[in-house]
Amino acid sequence: MNVLGIESSCDETSVSILSDGIITSNLISSQDFHSKYGGVVPELSSRAHLQIIVPLLRQALAKASLALKDIDLICATAGPGLIGALLVGLTFAKGLAYALNKPFVPVNHIEGHIYSGFLMEEKPKFPMLTLVVSGGHTLLLKVDSFIRITKLGETADDAAGEAFDKVAKMLGLPYPGGPAIQRLSEKCKNPTIKFPVAEISSNKFDFSFSGLKTSVLRHIQKIKSEFGSMSQKEIENIAASFQLSVVKSLHKSIQRALDQFEFNSISLVGGVAANNAIRQMIIDISSQYKKQVVIPDLEFCGDNAAMIAQRGFQLHKSGKVYSLEFNAYPSLSENYFNSISKEND
Ligand code: KG4
Ligand code: ZN
């Protein structure tokens, strides 16, 4: 069974092939040109997807030593994401499925991330406590099976990745900000600024990063007004203190979830899961609570089509059939996690 996966929800075009569950290619083309605008420009993203998608498919087939006719199932991200960008990959996948007369599976991008730990050799055991940290979402989930996901907490405002990106911008660092903040943080062994760790009264598992972001901004403004500029050491201290505050905030909700529910594994997924300090925190708390820990390799943390092919294949195996009328959707609906199990029953 050769499964083709296509991902184009934001600024990465990715094409992957899973052959009998094994990744035979996972090509990712990142649109680096957005950095000069300080963030992703949607229209430019759509155009770049359009230009690269056919050559990338050709390369992916060559890498897997397959021809188009060997593909048995076609999966593509349908949402959430930038609508124009999504439409490129989804329409392309639907066109291929129609032309090849092969089944097509639209995949939810967040579900792709949620189950991305299953791309690793050691598979997570259910029930799994999953922290999704990406540029657009921060979710704490209880994942009981391939069809049952309960949302425990989410961000009340900015996503974790968004906070990294915004703070990086304040510090004059390039987009995406996460890797740049991590690099600077690693130079400061002893962060000294006490940035806040938010507490959301309505739900003890929720997160909030906007107060933290404002607090960083005020700190930067204060230093600049007093000294005119910031030294490299100060920038490193701000980056490391901010990162520490994010780690503490994520840790707090995870600890509460582990104290309240039974889990067999802990999984960290999404683009921000590339962060070493967050990975280390997850490893430490897993060992403290004696839980299996599953964190995808870096290649599968950021947006990639292997996770989309895998999720599409799971849905296909469970008997789900989708029409070519299925359309792209930009956001995760309010009641998404209440409806996923019903939808799959
Ligand atoms: O999952 P992803 O690739 O795209 C979305 O679906 O949003 O996540 C992208 C986010 C960006 O905000 C980026 O700054 C962040 O992941 N990121 C990181 C690191 N690498 C990427 N954040 C913190 N530390 C990193 N090493
Ligand atoms: Zn993502």
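Residues numbered from 1 in each chain as written. Chains lettered and ligands numbered in written order. Predicted model: local features only at pLDDT ≥ 70, side-chain atom pairs only at ≥ 80, totals over all residues. Heavy atoms only, no water.

Concerning the site of ligand 1
Looking at ligand 1, there are 19 residues lining it, with G135, D165, Q182, G271 and N275 nearest. Within the side chain of D303, one N or O atom sits 3.1 Å away from an oxygen atom of ligand 1. Taken together, the elements giving at least two residues each to the shell around ligand 1 come down to α3 (109-114), α4 (160-170) and α5 (177-185). In terms of residue count, the dominant contributor to the shell around ligand 1 is α5 (4 residues). Partitioning the shell around ligand 1 into residue classes produces 5 nonpolar, 12 polar and 2 charged. (Near = heavy atom within 4 Å. Polar contact = N/O pair within 3.5 Å; in protein donor to acceptor, adjacent residues only side chain to side chain. Helix = DSSP H or I, 4+ residues; strand = E, 2+ residues; numbered from the N terminus. Nonpolar A, V, L, I, M, F, W, Y, C, P; charged D, E, K, R; others polar.)

With respect to the packing of helix α1 (residues 42-63) against helix α2 (residues 83-100)
Taken N-terminus to C-terminus, the directions of α1 and α2 make an angle of 30 degrees; their axes are 8 Å apart at the nearest point. When the interaxial angle is binned, α1 and α2 end up roughly parallel. Crossing geometry of α1 relative to α2 is assigned as right-handed. Packed against α1, whose contacting residues are S45, S46, H49, L50, I53, V54 and L57, the element α2 presents G84, A85, V88, G89, F92 and L96 at the interface. Here the contact of α1 with α2 is composed, by residue class, of 8 nonpolar, 5 polar and no charged. (Axes fitted to C-alpha atoms, helices over the stretch in contact; angles between N-to-C directions. Parallel < 35°, antiparallel > 145°, perpendicular 65-115°, else oblique. Left-handed = near helix turned anticlockwise from the far one by under 90°. Contact = heavy atoms within 4.5 Å.)

Overview of the coordination of the zinc ion (ligand 2)
The zinc ion (ligand 2) binds to the protein through H109 (NE2), H113 (NE2) and D303 (OD); the donor distances cover 2.1 to 2.2 Å. Counting the intervening residues between successive donors of the zinc ion (ligand 2) yields the motif H-x3-H-x189-D. Residue H109 is located in helix α3, and its partner D303 is located in the loop between β10 (292-294) and α9 (305-317); the two are separated by 194 residues in the primary sequence. Side by side, H109 and D303 carry an identical accessibility label, which is buried. (Donors = N, O, S within 2.8 Å, 3.2 Å for Na, K, Ca; no water. Buried < 20%, exposed > 50% of the residue type's maximum accessible area, 1.4 Å probe, protein only.)

Remarks on the sheet that holds strand β2 (residues 12-19)
Across the sheet, 5 strands lie side by side as β3-β2-β1-β4-β5; this open sheet has mixed pairing. Since the sheet does not close on itself, it has two edges, and those belong to β3 (22-30) and β5 (104-108), each with one partner. With direction set aside, neighbouring strand axes in the sheet form an average angle of 20 degrees. Sheet topology places strand β1 (residues 2-7) next to strand β4 (residues 73-79); 4 bridges connect them, and they run parallel. Within β4, the residue paired with G5 across the bridge is C75. Contacting β1, β4 and β5, α2 crosses the sheet at an angle of about 155 degrees to β4. (Pairing = 2+ DSSP bridges.)

Function cannot be inferred from these measures alone, as they are strictly geometric.
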